[in-house]
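Structural features, examined
Here is how the chains run, residue by residue.
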Amino acid sequence: MGKSKKTLYVVSSLVIGVCSVLLVLFGFILFGGVNDSSVDLVFVSDTRDFIYDGYAHGSDGWQLAEGKLRKGHTAKVKVTGSQRDVGTGKNAISVVIYDKNGNDITETYNIEL
């Protein structure tokens, strides 16, 4: 076998190998095996107005104001806080995101509260 044929075989093999790797990577990205970027989510707590009665009032409601969870993911949101006196208060929100298998994948999202 001549030197030029050997070189052609080596180069062809390398091209086929690189194309195969790129095809597999593209398949992972296309079908969700690789997340190409994180998702931005904005969670806000509900607001409520109360007439002053001397008792503490709160609201445990929340909304996903911006963004969308990926398919099969769920959010567990906890809102805490109360206000007794006249004025405004701020609730504390904690969020944990789970995949379909129940794994905590919160770090794969950019979350703003």
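Just above sits the structure.
Presented here is a report on the structure given in the accompanying data block.

Cut-offs and rules
- Residues numbered from 1 in each chain as written.
- Predicted model: local features only at pLDDT ≥ 70, side-chain atom pairs only at ≥ 80, totals over all residues.
- Heavy atoms only, no water.
- Phe/Tyr/Trp six-rings, centres within 6.5 Å; stacked < 30°, edge-to-face > 60°.
- Lys NZ or Arg CZ within 6 Å of the ring centre and 35° of its normal.
- Pairing = 2+ DSSP bridges.
- Helix = DSSP H or I, 4+ residues; strand = E, 2+ residues; numbered from the N terminus.
- Axes fitted to C-alpha atoms, helices over the stretch in contact; angles between N-to-C directions.
- Buried < 20%, exposed > 50% of the residue type's maximum accessible area, 1.4 Å probe, protein only.
- Lys, Arg positive; Asp, Glu negative; His and termini not counted.
- Salt bridge = Lys/Arg side-chain N within 4 Å of Asp/Glu carboxyl O.
- Core = buried A, V, L, I, M, F, W, Y, C linked by side-chain atoms within 4.5 Å.

A few words on the packing of aromatic side chains. The final tally for this structure, using the stated rule, is one aromatic pair. Lying across the ring of Tyr 109, Arg 70 places its NZ or CZ 5.1 Å from the centre.

Further remarks concern the sheet that holds strand 1 (residues 39-45). Spatially, three strands are ordered 2-1-5 in an open sheet, and the strand pairing comes out mixed. Two strands lie at the open edges of the sheet, namely strand 2 (62-66) and strand 5 (109-112), each paired on one side alone. For this sheet, the mean angle separating the axes of adjacent strands, direction not counted, is 30°. Note that strand 1 and strand 2 share four bridges and pair antiparallel. Pairing of Val 42 across the sheet is with Glu 66, part of strand 2.

With that out of the way, let us pick up the side chain of Asp 99. Relative to the helices and strands, Asp 99 resides in the loop between strand 4 (92-98) and strand 5. Among buried Asp, Glu, Lys and Arg side chains, Asp 99 stands out as unpaired, with Lys 100 the closest opposite charge at 8.2 Å.

Before going further, it helps to examine the pairing of strand 4. Burial along strand 4 is one-sided: the residues Ile 93, Val 95 and Ile 97 are buried and none of Ala 92, Ser 94, Val 96 and Tyr 98 is. As judged from the seven bridges shared by strand 3 (residues 74-80) and strand 4, these two strands associate in the antiparallel manner. Bridge pairing in strand 4 links Thr 80 to Ala 92.

Our next topic: the nonpolar core. Val 39, Leu 41, Phe 43, Val 77, Val 79, Ile 93, Val 95, Ile 97, Ile 105 and Tyr 109 together form the largest nonpolar core, which totals ten residues. The set of elements that each furnish at least two residues to this core consists of strand 1, strand 3 and strand 4.

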